[in-house]
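Coordinate inspection notes
Below, each chain spelled out in residue letters.
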Amino acid sequence: AVGVIVAVDGPAGSGKSSVSRAAAAALGYDFLDTGAAYRALAWRVLEQGADPEDATAVERALDGFAFESAGDPAERWVRVDGVDVTDAIRTPSVTAAVSGIARVPAVRTRLNDGFRARLAAAEPGVVAEGRDITTVVAPHADVRVLLTASPEVRAARRAKELPDEDRSAVARSMAERDAKDSRVVDFLEAAEGVTTLDSTDLDFDGTVDALVALVRQTA
Ligand code: C5P
């Protein structure tokens, strides 16, 4: 039998990653952060000294790309080519490069194959989060959620994670990345059959509880 698949999409700063991680832990499910794979490939492109806006160079970086991620949902590590890049994939330079590599079709095809294999193997279930999980990677997921929050709240949450950076700069780069990403996959509006969970007026625990409740109701 296959496990329960919970698909969560949303824009930058919506809290998808931390909320999905905590919900997975509460449910005893596996957790899949698809953005981490895109970030890992962006890291590899930069590491090779290649231009993340050059589709041919990006396709070349897919060659032999060995992405591994495991560990507790709360302490997941990420390795590329055997190198621990858990922290390196969260740096501003990787964040700025990732949208460029994510729009290359060969990248999406390759990463999606890996994600689907991972979803198919998950027991008793998995919470997978990203931008196109509810629509492209797992449109038949048991539970499909779009996690949103107002732009102001998202910028404030992101600024709290990056206390050294200027708040308006954080808001601007977040909006830019969402604009670029949403030209490739639509995560700003819920697709047919997808439940919108708006966390603007919820705190972290309240959002996790709401997601867990949705899973318990549906799955
Ligand atoms: O969620 P996170 O901010 O880590 O995602 C990093 C980037 O990976 C996004 O800005 C987007 O370009 C790409 N991405 C994607 N499709 C996904 C998940 C992430 O294109 N399912």
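Keep in mind that this is a model prediction, so the values were computed, not measured. Here the residue numbering is sequential within each chain, running from 1 through the sequence in written order. Reporting in this predicted model follows two pLDDT cut-offs: at least 70 for local features of residues, and 80 or more for side-chain atom pairs to be given and counted; totals over whole chains, interfaces and linings ignore these cut-offs and use all residues. Computation of side-chain values: all heavy atoms of the structure, hydrogens and water removed.

Re the overall build of the protein chain
Runs of H or I in DSSP of at least four residues are treated as helices and runs of E of at least two as strands, each being numbered from the N terminus. Summing up its helical and strand segments, the protein chain has nine helices and eight strands in all. Judged by the C-alpha coordinates and their principal axes, the protein chain covers about 50 × 45 × 30 Å. Accessibility throughout is a Shrake-Rupley quantity obtained with a 1.4 Å probe, and a residue counts as covered only by protein chains that appear here. Carbon and sulfur atoms make up 51% of the accessible area of the protein chain, which amounts to about 10500 Å² in all.

Notes on the UniProt feature "binding site: ATP" (unreviewed entry) in the protein chain
Taken from the UniProt record, the annotation "binding site: ATP" (unreviewed entry) applies to G10, P11, A12, G13, S14, G15, K16, S17 and S18. By the element assignment, G15 lies in the loop between β1 (4–9) and α1 (16–27). Contacts are assigned to residue pairs with any non-hydrogen atoms lying within 4.5 Å of each other. Discounting chain neighbours no more than four positions away, the residues touching G15 are S20 and L147. Those residues in contact with K16 that lie beyond four places of it in its chain are V8, D9, G10, P11, E129, G130, R131 and L147. UniProt positions are given in the numbering used here, feature names are shortened, and annotations may be inferred rather than shown by experiment.

Notes on the environment of V126
Mapped onto the secondary structure, V126 falls in strand β6 (residues 125–130). Taking relative accessible area as the criterion, V126 reaches 0% and is therefore assigned buried. Each C-alpha atom, one on V126 and one on L32, is 7.1 Å from the other, the two residues being 94 residues apart in sequence. A 1.4 Å probe rolled over the protein chains alone gives each residue an accessible area, and that area as a share of the maximum for its type sets the label: buried under 20%, exposed over 50%, partly exposed in between.

So, the pattern of salt bridges
Here, a salt bridge means any side-chain nitrogen of Lys or Arg that lies within 4 Å of a carboxyl oxygen of Asp or Glu. Scanning all chains against the criterion turns up ten salt bridges. Ionic pairing is found between D30 and R76, a salt bridge with its closest N-O pair at 3.6 Å. Of this pair, D30 sits in strand β2 (residues 30–33) while R76 sits in the loop between β3 (67–70) and β4 (77–80), placing them 46 residues apart in sequence. The closest approach of N and O atoms between D30 and R118, which form a salt bridge, is 3.7 Å. Of this pair, D30 sits in strand β2 while R118 sits in helix α5 (residues 105–121), placing them 88 residues apart in sequence.

Things to note about the sheet that holds β4
Here the rule is simple: two strands pair whenever DSSP picks up at least two bridges between them. Here we have three strands laid out as an open sheet, ordered β3-β4-β5, and antiparallel in their pairing. Since the sheet does not close on itself, it has two edges, and those belong to β3 and β5 (83–84), each with one partner. The pairing of β3 with β4 spans four bridges and is classified as antiparallel. Each residue of the ladder has a partner; that of E68, found in β4, is R79. Orientation is described by lines fitted to C-alpha atoms, with helices fitted over the stretch in contact, and by angles between N-to-C directions that extend from 0 to 180 degrees. Lying over the sheet, helix α2 (residues 34–47) contacts β3, β4 and β5, oriented at roughly 40° with respect to β4.

What to know about helix α7 (residues 151–161)
Along α7, the residues that are buried comprise R154, A155 and A159. Projection of α7 onto a plane perpendicular to its axis shows the buried side chains occupying an angular sector of 135°, all on one side. What points out from α7, more than 90 degrees from its buried face, is the exposed set K160 and E161. Of the surrounding elements, those touching the buried residues of α7 are α8 (167–182). Working note: the arc is built from the helix axis to C-beta atom directions.

Brief notes about the nonpolar core
What makes a nonpolar core is a set of buried Ala, Val, Leu, Ile, Met, Phe, Trp, Tyr and Cys residues whose side-chain atoms join them at distances within 4.5 Å. Counting 36 residues, the largest nonpolar core has Y38, I101, V107 and L119 as the members making the most contacts within it. Put simply, the parts of the chain that give this core at least two residues each are β1, α2, α3 (55–62), β4, α4 (92–102), α5, β6 and α6 (133–137). If you tally residues by element for this core, the top one is α2, at eight residues. Setting aside its immediate chain neighbours within four residues, I101 contacts Y38, L41, A42, V45, P52, V58 and V107. Within the second largest apolar cluster, 19 residues are counted, among which are V4, V6, V19 and L214.

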